[in-house]
Amino acid sequence: QSTWGELKNMMSAFLQSESEDDSVEDDETIEGQCVAILLLVARQSARQRFYLTRKSLIHPQAPNVPWRCLINDLSASSYINLMGVDVNCFWDIILPPFAVRCSQECVPDSTQQRRCLKEKSTKKRIMPPEGILCLVLLWLCSCSEMKLFSMIFGLTPAPLCRYLRWGRQLLLETLLELPECRVEWPSPSRMRTYASMIQSNEPLLSDSFGFVDGVHLPVSQSSDRRIDNAYYNGWTCSHYCSNLFVFAPDGLILYCKLNCPGSWHDSVVAQQLFTILHASTPEPFSLIGDSAFPADKMKTKILTPKKSNSINTNRQHAIHRALTGQRQAAEWGM
């Protein structure tokens, strides 16, 4: 406030000294420039008032920091709800190779250069590998603002963003090398195993080995009209990218098609899947889907519930109920 008052007094004295020699038009010009300076200073002071400071946060290595309470609880439901993986997947599958990369790689600093905190600094890395992995998985499964992640992990925005950017790259490199994370089309013997799992729940479906469904993820509106038109979905009146997944009954992803324009219909996104079903899926195996997929082209490869006005027999009604009930597994996977 004292700086603000001093600036106002200096500008007033400057205007008084200038007004003795200059015209009214010059005075108005100087006043406009001073107002612009005042607005700029006000904006800068407002930005400083909204900074998140270190003393306002819990220390990231404190035993009661929220993220550590989450991972130490070892609750399967909490892990799946907040991070999208279970306890075994987090600790036994992803974390070991992720931790190795953390010890070998370098944290990017604010200038985007690579520097290794382990070798070139006497300070220890603030976040351990399990904390960085928890940060990335929470961010991927959440739409929360970054200031909430600062409260959870005890980091101010700058180091938080650096750890998040670095952790995302490490996680991608880790998943690309893990055989457990590979998306592969099953062999005929594996299809029979999956079909037996589905048949144990619904005897009428003897040869279905998986579930197929699409999902639309919201994206920002582009300033480019062509891109904006491609990702605009007229059905929902919003902007999305279209994705397609095939799930096995044990939860594995057998096929995926990602980041297609939101204006595409599920049947258009699934063109590559149709080719795989024709070329790599022997009879009589099939998938279970919804009515978005064309029943005429893929009636033997993708089983869909019939329309209510086309059900004429008791058996058709029973199969309709079986397909409707079983395809809910695809919704759970989303």
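Placed above this text is the structure.
Caption draft 1: Region of the structure containing the packing of helix H4 (residues 76-83) against helix H5 (residues 87-104). At a minimum axis distance of 8 Å, the contact between H4 and H5 shows a crossing angle of 80°. By the angle between their directions, the pair H4 and H5 is classed as roughly perpendicular. Contacts between H4 and H5 involve Ala-76, Tyr-79 and Met-83 from the former and Val-87, Phe-90 and Trp-91 from the latter. When its residues are assigned to classes, the contact of H4 with H5 shows six nonpolar, no polar and no charged.

Caption draft 2: Quick look at H5. Its 18 residues give H5 an end-to-end C-alpha distance of 25 Å, which sits within 8% of 26 Å, the value for a rise of 1.5 Å per residue. Approximately 55° is the largest bend angle found in H5, and it occurs at Leu-95, with the proline Pro-96 only one to four residues beyond. Among all positions of H5, only Val-87, Cys-89, Phe-90, Ile-94, Leu-95, Phe-98, Arg-101 and Cys-102 are buried. Where H5 is buried, its residues contact helix H3 (66-73), H4, helix H7 (129-140) and helix H9 (157-177).

Caption draft 3: Spotlight on the nonpolar core. Met-83, Phe-90, Phe-98, Leu-133, Cys-134 and Phe-153 are the most contacted members of the largest nonpolar core, which totals 32 residues. Counting only elements with at least two residues in this core, the list comes to H3, H4, H5, H7, helix H8 (146-153) and H9. Non-local contacts of Phe-153, meaning those with residues more than four positions away in its chain, are made with Pro-60, Val-65, Trp-67, Met-127, Gly-131, Cys-134, Leu-135, Leu-138 and Leu-160. Within the second largest apolar cluster, 21 residues are counted, among which are Val-212, Leu-287, Phe-293 and Ile-302.

Caption draft 4: Layout of the packing of aromatic side chains. Taken as a whole, this structure holds six aromatic pairs when the rule is applied. Ring geometry for Trp-67 versus Phe-153: centroids 6.2 Å apart, planes at 15°, classification stacked. You can see Trp-67 sitting in helix H3 and its partner Phe-153 sitting in helix H8, a full 86 residues away along the chain. On the accessibility criterion, Trp-67 (0% relative accessible area) is buried. We classify Phe-153 as buried; its relative accessible area is 0%.

About the cut-offs
Residues numbered from 1 in each chain as written. Predicted model: local features only at pLDDT ≥ 70, side-chain atom pairs only at ≥ 80, totals over all residues. Heavy atoms only, no water. Axes fitted to C-alpha atoms, helices over the stretch in contact; angles between N-to-C directions. Helix = DSSP H or I, 4+ residues; strand = E, 2+ residues; numbered from the N terminus. Parallel < 35°, antiparallel > 145°, perpendicular 65-115°, else oblique. Contact = heavy atoms within 4.5 Å. Nonpolar A, V, L, I, M, F, W, Y, C, P; charged D, E, K, R; others polar. Expected span 1.5 Å × (residues − 1). Bend = angle between axes of the 7 residues up to and from the residue. Buried < 20%, exposed > 50% of the residue type's maximum accessible area, 1.4 Å probe, protein only. Core = buried A, V, L, I, M, F, W, Y, C linked by side-chain atoms within 4.5 Å. Phe/Tyr/Trp six-rings, centres within 6.5 Å; stacked < 30°, edge-to-face > 60°.

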